[in-house]
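# Survey of secondary and tertiary structure
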Amino acid sequence: MHDEVLARLTERLGALRVGDPLDEASDIGAVINQTQFDSITDYLEDGLANPAMQVELGGLPPTTGPLAEGFFHVPTLFSGGDNGFRLAREEIFGPVVVAIPWTDVDDVVRTANDSAYGLAAYVWSSDIDQAITTAHRLEAGWVQVNQGGGQVVGQSYGGYKQSGLGREVSLEGMIAGSTQTKQVNVRLGHEATPATTGT
């Protein structure tokens, strides 16, 4: 299904509108600052220079037109990568996706867990039992099955490993953020020895 998914993903990403973040017609706004813009560009240049990777959509940021006047990046999709590539292993924080093929569930779980990060993961399957079993095997703080979005008020949100901080927006996170831990040690079962004085 790799080629079919890649084609459909290319179509969906290509339909996204990049533009003014204050315009509700925009799907993707500008990157926050020059530093992040340059960082994303560096990742893109790295991917473009790798002969094993193919650009299915996007690439470097526009150099002409309205999008060239701000920190805008277009959705970019690479194929031909594997989990050893920098673009697949590091957090880009930009509209860049690397599609990696896999052969079976054990293969995809091993690849997904071979990461220093684990904030969120998504599993799609027509076999709900297999999907839930796979979700439990993934080292991520939030796993969604057959959907994107779907956050519920009061549901914990946080990551494993080097992703996320605590469990925000949850009862656990509220208790941890609004309380302090104090340790008190008490010795029990021994009578106090009276103080003595001497001359």
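Above this text you will find the structure in question.
Residues numbered from 1 in each chain as written. Predicted model: local features only at pLDDT ≥ 70, side-chain atom pairs only at ≥ 80, totals over all residues. Heavy atoms only, no water.

We now examine the overall build of the protein. A tally of helices and strands in the protein yields six helices and seven strands. For the protein, the succession of helices and strands along the chain, N to C, is α-α-β-β-α-β-α-β-β-α-β-β-α. Counting across all 199 residues of the protein, residues that qualify as buried make up 26%. Across the protein, every contact between residues at least 6 apart in sequence was considered, and the portion connecting residues at least 24 apart equals 44%. When the accessible surface of the protein is summed, it comes to about 13,800 Å², and 53% of that surface belongs to carbon and sulfur atoms. (Helix = DSSP H or I, 4+ residues; strand = E, 2+ residues; numbered from the N terminus. Buried < 20%, exposed > 50% of the residue type's maximum accessible area, 1.4 Å probe, protein only. Contact = heavy atoms within 4.5 Å. Areas by Shrake-Rupley, 256 points an atom, 1.4 Å probe, with all protein chains shown as cover.)

Grouped together as the largest cluster of nonpolar side chains are eleven residues: Val31, Ile40, Tyr43, Leu44, Met53, Phe78, Phe85, Leu87, Ile92, Val96 and Val98. Those elements that place two or more of their residues in this core are helix 2 (34-49) and strand 3 (96-98). Here this core takes three residues from helix 2, the largest share from any one element. Membership of the second largest hydrophobic core comes to seven residues, among which are Val109, Ala121, Val123 and Ala140. (Core = buried A, V, L, I, M, F, W, Y, C linked by side-chain atoms within 4.5 Å.)

Bringing the packing of aromatic side chains into the picture now. Under the definition given, this model contains two aromatic pairs. Considering the side-chain rings of Phe37 and Phe71, the 5.7 Å spacing of their centres and the 45° angle between planes classify their relative orientation as tilted. With Phe37 in helix 2 and Phe71 in the loop between strand 1 (54-57) and strand 2 (76-79), this pair connects stretches of sequence that are 34 residues apart. Residue Phe37 is classed as buried on the basis of its relative accessible area, which comes to 14%. Summarising the aromatic geometry, the rings of Tyr122 and Trp124 are spaced 5.9 Å apart at their centres and angled 20° between planes, so their arrangement reads as stacked. A relative accessible area of 58% means that Trp124 is categorised as exposed. Over the aromatic face of Tyr43 sits the side chain of Arg86, whose NZ or CZ is 4.1 Å from the ring centroid. (Phe/Tyr/Trp six-rings, centres within 6.5 Å; stacked < 30°, edge-to-face > 60°. Lys NZ or Arg CZ within 6 Å of the ring centre and 35° of its normal.)

Evaluated as defined, the whole model comprises nine salt bridges. Measuring nitrogen to oxygen at the nearest pair gives 3.8 Å for the salt bridge that ties Arg86 to Asp46. Residue Arg86 is found in helix 3 (residues 86-89), and its partner Asp46 is found in helix 2; the two are separated by 40 residues along the sequence. What makes Arg86 partly exposed here is its relative accessible area of 28%. With a relative accessible area of 33%, Asp46 lands in the partly exposed category. Across the pair Arg89 and Asp114 runs a salt bridge whose closest N-O atoms are separated by 3.4 Å. Here Arg89 is found in helix 3, whereas its partner Asp114 is found in the loop between helix 4 (105-113) and strand 4 (117-118), with 25 residues between them in sequence. Residue Arg89 is classed as partly exposed on the basis of its relative accessible area, which comes to 30%. On the basis of relative accessibility, which here comes to 40%, the residue Asp114 falls in the partly exposed class. What emerges from the salt-bridge pattern is a single network uniting Asp42, Asp46, Arg86 and Glu90. (Salt bridge = Lys/Arg side-chain N within 4 Å of Asp/Glu carboxyl O.)

Before going further, it helps to examine the sheet that holds strand 3. Within the open sheet, the three strands sit side by side as 1-2-3. Their pairing is mixed. Each end of this open sheet is capped by a strand with a single partner; those strands are strand 1 and strand 3. Sheet twist, expressed as the mean angle between neighbouring strand axes with direction ignored, is 30°. (Pairing = 2+ DSSP bridges. Axes fitted to C-alpha atoms, helices over the stretch in contact; angles between N-to-C directions.)

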